[in-house]
Amino acid sequence: MDGLTELNVLGLALTAVLLAMACVKADRVRAWRSSVNPSAPDLPDSAFIVARVIFVTLAGLGIYTAVQGFGVSDDMAWDDSELTGAVQQAADDLDGFTYQSDDSGSPLYFDDYATLIEDKVIQYGGGDAPQYGVDATPADANTLDDAYFTVTAKGADDACCTHVERSRSKKDDYAPPGIGGGEGSLTYRQYRIAVESRKGEC
């Protein structure tokens with residue numbers, strides 16, 4: 001339970017106390033005051049009415065604040081269904097994804113597979129999921145051609161495993177023309193990835 005959720009729960013507990021105080025009978029309060037200070041003047045009924053109105057109003061404000069706080073808390077963290085759904089959609093979107101690489105095989109338009117997966121999961125997180133807090137942790141034996149990533153998110157207990165396999169797509173290679181307009185010496189190699197995901201760590 002995060003700090004904001006704990007604060008919301010505390011607010012609801014205080015609200016319950018206020019409602020309980022509003023329900024205490026006037027005779028019981030008068031009897032208690034007499035036992036503590038017998039010479040104290042008697043309280044009129046109007047004082048109890050005003051006190052009840054104040055307690056109920058404060059309780060209503062407390063409930064409203066707690067409900068809003070729970071909404072904010074939900075927007076700040078992922079839940080299990082949001083994560084698993086977003087990972088599956090991200091895998092479906094990336095399955096068949098093609099990209100160009102430099103001479104070393106590193107992608108030209110994104111940093112690495114982990115960043116690509118994280119960005120896609122956040123994209124498919126939905127309106128209630130935050131736009132941050134996703135981590136794709138690579139397996140130790142990963143290569144550019146075969147890689148596994150354990151995807152987790154802040155607030156979610158579950159994890160998902162995403163598998164990425166890369167293959168060459170030579171027909172889509174791009175060779176920019178040379179300086180004189182003829183055939184250039186540089187070729188950007190094209191790759192295609194197949195992506196699958198499942199629930200659980202890799």
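Everything in this summary refers to the structure shown in the same document. (Residues numbered from 1 in each chain as written. Predicted model: local features only at pLDDT ≥ 70, side-chain atom pairs only at ≥ 80, totals over all residues. Heavy atoms only, no water.)

Considerations on the sheet that holds strand β5 (residues 189–199)
Working step 1: In spatial order, the strands read β1-β5-β4-β3-β2; together these 5 strands make up an open sheet with antiparallel pairing. Two strands in the sheet have a free side with no partner beyond their single neighbour: β1 (98–101) and β2 (134–138). If you compare each strand with its neighbour and ignore which way they point, the axes differ by 35° on average.
Working step 2: Pairing analysis gives 9 bridges linking strand β4 (residues 160–168) to β5, with the strands arranged antiparallel. Residue pairing for β5: C161 is matched across the bridge by R198.
Working step 3: Contacts from helix α4 (residues 80–94) reach β3 (146–153), β4 and β5, with the element oriented near 155° to β5. (Pairing = 2+ DSSP bridges. Helix = DSSP H or I, 4+ residues; strand = E, 2+ residues; numbered from the N terminus. Axes fitted to C-alpha atoms, helices over the stretch in contact; angles between N-to-C directions. Contact = heavy atoms within 4.5 Å.)

Topic: the state of the cysteines
Working step 1: Tallied over the entire structure, the rule returns 1 disulfide.
Working step 2: Its sulfur unpaired, C160 is 8.9 Å from the next cysteine sulfur, which belongs to C161. (Disulfide = S-S within 2.5 Å.)

Some words on the side chain of R166
Working step 1: Following the sequence through the fold, R166 ends up in strand β4.
Working step 2: Given a relative accessible area of 13%, R166 falls into the buried group.
Working step 3: Among the polar contacts listed, one links the side chain of R166 to the side chain of Y99, at a separation of 3.4 Å.
Working step 4: A polar atom in the side chain of R166 sits 2.9 Å from the side chain of D145. (Buried < 20%, exposed > 50% of the residue type's maximum accessible area, 1.4 Å probe, protein only. Polar contact = N/O pair within 3.5 Å; in protein donor to acceptor, adjacent residues only side chain to side chain.)

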